Amino acid sequence: MSIKGILISLVAPMSDHIANGGEKILGNASSIKRRPDGRVYISGQMQRHVLFSALDRLNSDDPNKGDSYVSNGDGITTQVETDLRADLGGFLQTSKESYSGRRIAPISATPAVALGESEVGRDLLIRLKVLQNGESKNQALATREFSQDDSMLMNFFIDVAAVGVRKRYSYKEQLHLGTEYVKHYDNAEKLRRLKLSLEASASLTDYANQARNATSGEPQKVLIVFDPKMSRKAARYFKAGETEQKRILAELEARGATYFLGDDTDENTLSIFEAYEKARTFLESAELFDPAPNAPIISTADFEKAVTA
């Protein structure tokens, strides 16, 4: 059975953090983002930023990376064959001519949300400035909110069919008559990028406002699902009750999905390390869904040239 989607649902403990700060609500008081129910959250945009930062490090260390790289978020290219952010994170680029480039991201992320109500405190920050004559002027005072202890639930989903693949549409008099698939690299590179994306979800560290604080989104609990169906239902697992959890897993098994459940707090289950190791091993030999097995491999330049012709 071929894999159409990969879901990674995880819980990460965070302490004394402001992993995704909000606007300053009162002068220089920096606020933490909270839902109306009092739970702090980290936006989906920040989650994608952290994931691609981890992906960048992992790709840089990979001896098989070739010319591939991860572009900065403010300068995404359309070069799917070399730019991993363009490929996995999508883009929207318009031009003054007739071409408008858009790619829907194969990787999507939910906001990270605390599983319980958060306890938020406020920290007073002072910049000391002592002059030689003994006078101190222009002292900088600020307060910053922080959340005490949270178990943050976060989810990432990979649309396997869309990785490395683009669609080319044919029109006649503004009517859509057909769709052609093209690929930008071979299956070996597709597998490499999927493995990097899986590994990146276990290496989340680059959160905002945390330059001096060792805030980590590395999982304490994880559910990794290789699914022959495009489904994200298992993203509910860690906030579900015992009955719903059992039924979610039973549904996955019934349709032939393969999953790995890891928990570093339970000695009767796989550890996080073991769950990721087994997931990587399974991915190596898994059949990946291909929407167009015979699609040609072409460069982005040739693709865009054909679109604008």
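Residues numbered from 1 in each chain as written. Predicted model: local features only at pLDDT ≥ 70, side-chain atom pairs only at ≥ 80, totals over all residues. Heavy atoms only, no water.

Draft legend 1. Structural context of the overall build of the protein chain. Looking only at helices and strands, one finds 6 helices and 14 strands in the protein chain. Buried positions account for 44% of the 309 residues belonging to the protein chain. In the form shown here, the protein chain has an accessible surface area of approximately 16800 Å², with 47% of it arising from carbon and sulfur atoms. (Helix = DSSP H or I, 4+ residues; strand = E, 2+ residues; numbered from the N terminus. Buried < 20%, exposed > 50% of the residue type's maximum accessible area, 1.4 Å probe, protein only. Areas by Shrake-Rupley, 256 points an atom, 1.4 Å probe, with all protein chains shown as cover.)

Draft legend 2. Broad picture of helix 4 (residues 242-254). Between its first and last C-alpha atoms helix 4 spans 18 Å; for 13 residues at 1.5 Å apiece the expected length is 18 Å, and the two agree. Taken residue by residue, helix 4 has Q245, I248, L249 and L252 as its buried positions. When helix 4 is viewed along its axis, its buried side chains cluster within an angular range of 90° and face the same direction. Residues of helix 4 that are exposed and angled more than 90 degrees away from the buried face: K246, R247 and A254. On the buried face of helix 4, the contacting elements are strand 13 (221-227) and strand 14 (258-263). (Expected span 1.5 Å × (residues − 1). Arc of directions from axis to C-beta. Contact = heavy atoms within 4.5 Å.)

Draft legend 3. Quick peek at the nonpolar core. Formed by 53 residues in total, the largest nonpolar core has its most connected members in I6, I8, M154, Y207 and Y276. Those residues in contact with I6 that sit more than four places away from it in its chain are F156, F157, I158, V160, L194, V225, F226 and L283. Counting residues in each nonpolar core, the second largest holds 14 residues, with L153, A234, A235 and Y237 among its members. (Core = buried A, V, L, I, M, F, W, Y, C linked by side-chain atoms within 4.5 Å.)

Draft legend 4. Focus on the pairing of strand 11 (residues 165-172). Inspection of the sheet shows strand 11 paired to strand 12 (residues 175-183) by 8 bridges, in the antiparallel sense. Directly across from K167, in strand 12, lies its bridge partner Y181. In textbook terms, the turn of a hairpin is the stretch between consecutive antiparallel strands, and for strand 11 and strand 12 this stretch comprises 2 residues, one of which, E173, has a positive phi near 55°. (Pairing = 2+ DSSP bridges.)

Draft legend 5. A look at the pattern of salt bridges. Under the criterion given, the structure shown has 19 salt bridges. Between E251 and K233 there is a salt bridge, with the nearest N and O atoms lying 2.7 Å from each other. Of this pair, E251 sits in helix 4 while K233 sits in the loop between strand 13 and helix 4, and the two are 18 residues apart along the sequence. (Salt bridge = Lys/Arg side-chain N within 4 Å of Asp/Glu carboxyl O.)

Draft legend 6. Structural context of the packing of helix 1 (residues 44-61) against helix 3 (residues 187-200). Orientation of helix 1 relative to helix 3, taken along the N-to-C sense of each, is 125°, at an axis distance of 9 Å. As the angle between them shows, helix 1 and helix 3 are arranged oblique. Taken as a pair, helix 1 and helix 3 cross one another with a handedness that is right-handed. On the side of helix 1, the interface is formed by L51, A54, L55, L58 and N59, while helix 3 contributes R192, L196, S197, E199 and A200. When grouped by side-chain class, the residues that make up the contact of helix 1 with helix 3 number 6 nonpolar, 2 polar and 2 charged. (Axes fitted to C-alpha atoms, helices over the stretch in contact; angles between N-to-C directions. Parallel < 35°, antiparallel > 145°, perpendicular 65-115°, else oblique. Left-handed = near helix turned anticlockwise from the far one by under 90°. Nonpolar A, V, L, I, M, F, W, Y, C, P; charged D, E, K, R; others polar.)

Everything listed here is a matter of geometry and, on its own, says nothing about what the molecule does.
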